[in-house]
Amino acid sequence: MQERKASTVRGLVMLVGTLAMFAAGGYLIYLGVKDVPSMHEPHPWPIVGGAVVVFFAVWSCLGFFLVFPNEAKVLTIVGRYFGTEKRAGWFWTVPIPLVLRTAVSQRIQNFDSETLKVNDAVGNPIEVAAVIVWRVVNTAQAVFDVEDYEDFVRIQTETAVRHMASEYPYDSYEAGEHSLRANADEVTDSLYRELQEHLRAAGVEVIRTQLRRLAYAPEIAADMLRRQQAEAVVAARNRIVDGAVGMVEHALDMLSE
């Protein structure tokens, strides 16, 4: 569904026209009920014409609607997409009672996903949650191509977060291996690309993604903490050995000189 601009007129212009119709209709009715000397016998046509003009003036009032800043109104006529008005202000469109005006917010919105328990790439249970910054850019797709675009964003976000978490290990123990904890930028970029691909069908643009929570599940958190501490001790000892070897090599170089 491609978005297009609706055929609308500024409300102030149509207000002047509507008031003119009320004035013309009232004047015709006044002429009909007034005892005009030039009329030798009663003539109902001015009253009928005035009533018709007043009817169309009242009917015209049904076409007025407001569009607030950072909002759009999607117009449909008898089940068919008529267009979208994104300009803020007071507008007028075809005054048919069956014209539906659906408001769609175009403000930047945040979605904070629930904390999900997922198995990472090596099978460790972890808890992960993300914050998604998004907004609607195609109102026609948001209204007509999905059932509820806000619910669509929520479900697709949770699905993408689960998939992203299962693609990487929580920690990397090999050189060159990416992990959720050590490579946050690459992980969020991967989540951004996947979400944008899925949400494009709903006319939604993903502005930014960010992990809000990343931790081992409580049942293995203590064991993984001891493992991290042991790895830190090993890494520190290796660093000490490397430093000692470097000092010896430096001393040998000085002796050689």
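My aim in this report is to walk through the structure given alongside it, one point at a time. (Residues numbered from 1 in each chain as written. Predicted model: local features only at pLDDT ≥ 70, side-chain atom pairs only at ≥ 80, totals over all residues. Heavy atoms only, no water.)

### Considering the sheet that holds strand 5 (residues 89-92)
On the basis of which strands lie adjacent, the open sheet formed by 3 strands has the order 1-5-2 and antiparallel pairing. Edge positions in the sheet fall to strand 1 (9-10) and strand 2 (64-67), since each of these pairs with one other strand and no more. Strand direction decides the pairing type here: strand 2 and strand 5, joined by 4 bridges, are antiparallel. Across the sheet, residue Phe-65 finds its bridge partner in strand 5, namely Phe-91. (Pairing = 2+ DSSP bridges. Helix = DSSP H or I, 4+ residues; strand = E, 2+ residues; numbered from the N terminus.)

### Quick look at the packing of aromatic side chains
Taken as a whole and assessed by the stated rule, the structure comprises 7 aromatic pairs. Measuring from centroid to centroid gives 6.0 Å for Phe-56 and Trp-59, while their planes differ by 80°, and the two rings are edge-to-face. Of the two residues, Phe-56 and Trp-59 both sit in helix 2 (residues 45-60), 3 residues apart, roughly one turn of that helix. The rings of Phe-55, Phe-56 and Trp-59 are connected pair by pair, giving a single aromatic cluster. (Phe/Tyr/Trp six-rings, centres within 6.5 Å; stacked < 30°, edge-to-face > 60°.)

### Here we look at the nonpolar core
Among the nonpolar cores identified, the biggest contains 33 residues, and Ile-132, Trp-134 and Leu-191 are the most heavily contacted of them. Put simply, the parts of the chain that give this core at least two residues each are strand 8 (116-119), strand 9 (125-136), helix 3 (139-145), helix 4 (149-167), helix 5 (184-199) and strand 10 (204-216). Beyond its immediate stretch of four places on either side in the chain, Trp-134 contacts Arg-107, Ile-108, Gln-109, Asn-110, Phe-111, Tyr-149, Glu-150, Val-153, Val-204, Glu-205, Val-206 and Ile-207. Counting 5 residues, the second largest nonpolar core, distinct from the first, contains Ala-6, Val-67, Leu-75 and Phe-91. (Core = buried A, V, L, I, M, F, W, Y, C linked by side-chain atoms within 4.5 Å. Buried < 20%, exposed > 50% of the residue type's maximum accessible area, 1.4 Å probe, protein only. Contact = heavy atoms within 4.5 Å.)

### So, a nonpolar patch on the surface
A grouping of Trp-45, Val-48, Val-52, Phe-55, Phe-56, Trp-59 and Leu-62 is seen on the molecular surface, where their side chains present a nonpolar patch of about 710 Å² in accessible area. Classification of Val-48 as partly exposed rests on a relative accessible area of 41%. (Patch = residues over 30% accessible without salt bridge, like charges linked within 9 Å, V, L, I, M, F, W, Y side chains within 5 Å. Areas by Shrake-Rupley, 256 points an atom, 1.4 Å probe, with all protein chains shown as cover. Salt bridge = Lys/Arg side-chain N within 4 Å of Asp/Glu carboxyl O.)

### Overview of the side chain of Ser-113
Mapped onto the elements of the fold, Ser-113 is located in the loop between strand 7 (109-112) and strand 8. Classification of Ser-113 by relative accessible area gives buried; the value is 1%. In terms of polar contacts, Ser-113 uses its side chain to reach the backbone amide nitrogen of Ala-130, at 2.9 Å. (Polar contact = N/O pair within 3.5 Å; in protein donor to acceptor, adjacent residues only side chain to side chain.)

### Concerning helix 1 (residues 11-33)
If you check helix 1, its first and last C-alpha atoms are 33 Å apart, about what 23 residues at 1.5 Å a residue would give, namely 33 Å. Listed in full, the buried residues belonging to helix 1 are Gly-11, Met-14, Thr-18, Gly-25 and Gly-32. Summarising the contacts, the buried residues of helix 1 are in contact with strand 1, helix 2, strand 2 and strand 5. (Expected span 1.5 Å × (residues − 1).)

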